[in-house]
Amino acid sequence: MTMEPPRISIITPSFNQADYLEETILSVLNQRYPNLEYIIIDGGSSDGSAKIIEKYAPRLAHWVSERDQGQAHAINKGLRKATGGIVAYLNSDDVYLPGALSAVAAAFQKHPGRNWVAGGWILFGTGIEMEPSSWLPRLPRDAASCLYLDYCAAQPGHFWRRLMFEKHGLFDETCRYCFDHDFYARLMLAGERCMPLDVQVAGYRFHGQSKTMAELDGFKPEFAAIRARYLDKLPADEVRRARHVFELKTSFAECHAAVELLKRGDRDAAWRKFSATALRWPTSLSRRFGWGCLRRLLMGEANE
């Protein structure tokens, strides 16, 4: 007897992204997944988004266009409506790739003890210069690695059994940027682990109006606040290891940024960037990237 495919609930939070919304909707509906529940929560958009959603209303399980309290609140509204055993959210500027839901359903059916899956993604841009690139998830080894951002798994690739939200709560609505990261940390602190799905399932779009591009500076303090919230719940040795990796990666990125400033001819800004990095993470000077950056600054050369 053929097993009925599990019900999958997809929630799309939407607010004034009419330029991308229809593509997002069609990427879900065109999955042709036989047991789909699609929910769209629009925050009262003024750009015609509601008309786009209404066009597809007969194929939606639920939709609303009304003022809300932000992205996490909108997703939580959708989660409260969801009835699927598997749930995910797809932002209104991202897309699912063909066959994504079938691949996710098969993974959960094959591994009934797993409650969280992360698939790969295509990174692409709209209105900016970038070449599309394909990625597979690299997952945190423990909660400390999660808190110190030692992982790479784009949000559109994540799917959960609905019981994860019943056990561990909904997304933190006080977070504007990093409520997904906060949820990952909570899950890992509770002993949950994510299973990688080695196939691309989503397209993660970069564009000038996305939070990732337009409000990038808002992410760092929220990541830091989440880290501070949970650090005292972790073993000291895990924290030391994860902090060491985080400091190396961050100081490498800052030294790279200093070299980029030098390439653009702004030597003073490059020195300021490098000096701040060296003061904050002195061990970076013992690394090849650190002293290499210093040598270039002293010589006034941007290239090797």
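Residues numbered from 1 in each chain as written. Predicted model: local features only at pLDDT ≥ 70, side-chain atom pairs only at ≥ 80, totals over all residues. Heavy atoms only, no water.

## Some remarks on the environment of His 62
Our working definition: Under the scheme used here, helices are H or I runs from DSSP no shorter than 4 residues and strands are E runs no shorter than 2 residues, and both carry numbers assigned from the N terminus. Residue burial is assigned from relative accessible area. The probe radius is 1.4 Å, only protein chains are included, and a residue is buried under 20% of its type maximum, exposed over 50%, and partly exposed in between. Any two residues whose heavy atoms approach within 4.5 Å at even a single point are treated as in contact.
Examined against the element boundaries, His 62 turns out to sit in strand β3 (residues 62-65). Classification of His 62 as partly exposed rests on a relative accessible area of 26%. The contact partners of His 62, leaving out residues within four places of it in the chain, are Tyr 38, Ile 39, Ile 40, Ile 41 and Lys 81.

## A short note on the pattern of salt bridges
Under the convention used in this document: Throughout this description, the term salt bridge denotes a Lys or Arg side-chain nitrogen within 4 Å of a carboxyl oxygen of Asp or Glu.
Enumeration over the complete set of coordinates arrives at 14 salt bridges. One salt bridge in this structure joins Glu 66 and Lys 77, with 2.8 Å as the shortest N-O distance. Pair noted here: Glu 66 is in the loop between β3 and α3 (71-81) and Lys 77 is in helix α3, with a separation of 11 residues, a long-range link. Under the relative-accessibility criterion, Lys 77 is labelled buried at 16%. By sharing partners, the salt bridges in this structure join Asp 172, Asp 182, Arg 186 and Arg 229 into a single network.

## Some details on the nonpolar core
The cut-off we apply is this: For this analysis, a nonpolar core means a set of buried residues of the types Ala, Val, Leu, Ile, Met, Phe, Trp, Tyr and Cys, connected via side-chain atoms within 4.5 Å.
Ranked by size, the top nonpolar core spans 42 residues in total, and within it Trp 160 and Phe 171 carry the most contacts. Top contributing element to this core by residue count: helix α7 (residues 179-189), with six residues. Listed in part, the 30 residues of the second largest apolar core include Tyr 38, Ile 86, Ala 100 and Ala 202.

## Here we look at the side chain of Glu 192
Note the threshold: Under this definition, polar contacts are N or O atom pairs within 3.5 Å; protein pairs additionally need one hydrogen-donor-capable and one acceptor-capable atom, and for neighbouring residues in sequence, both atoms have to be side-chain atoms.
Structurally, the position occupied by Glu 192 is in the loop between α7 and β9 (195-207). A polar atom in the side chain of Glu 192 sits 3.4 Å from the side chain of Lys 167. Glu 192 has contacts with Asn 115, Trp 116, Met 164, Lys 167, His 168 and Leu 187, leaving out every residue within four places of it along the chain.

## Section: the packing of aromatic side chains
We count it as follows: Stacked, tilted and edge-to-face are the three classes applied to pairs of Phe, Tyr and Trp rings, where Trp contributes its six-membered ring and a pair requires centres within 6.5 Å; stacked means planes under 30 degrees apart, edge-to-face means over 60, and tilted covers the rest. In our convention, an over-ring charge means Lys NZ or Arg CZ found within 6 Å of a ring centre and within 35 degrees of that ring's normal.
Under the definition given, this model contains 19 aromatic pairs. Considering the side-chain rings of Phe 219 and Phe 223, the 6.4 Å spacing of their centres and the 35° angle between planes classify their relative orientation as tilted. With Phe 219 and Phe 223 both in helix α9 (residues 219-230) and four residues apart, the pair spans about one turn of that helix. A single burial state applies to Phe 219 and to Phe 223, both of which are buried. With a centroid separation of 5.3 Å and 85° between ring planes, the pair formed by Phe 252 and Phe 289 is classed as edge-to-face. A residue pair is termed long-range when its members are at least 10 positions apart, and Phe 252 in helix α10 (residues 236-263) and Phe 289 in helix α12 (residues 288-299) qualify at 37 residues. Judged by relative accessible area, Phe 252 falls into the partly exposed class, the value being 47%. In this structure an aromatic cluster arises from ring pairing among Tyr 89, Trp 160, Phe 165, Phe 171, Phe 179 and Phe 183. Sitting over the ring of Phe 246, Arg 227 keeps its end group 4.6 Å from the ring centre.

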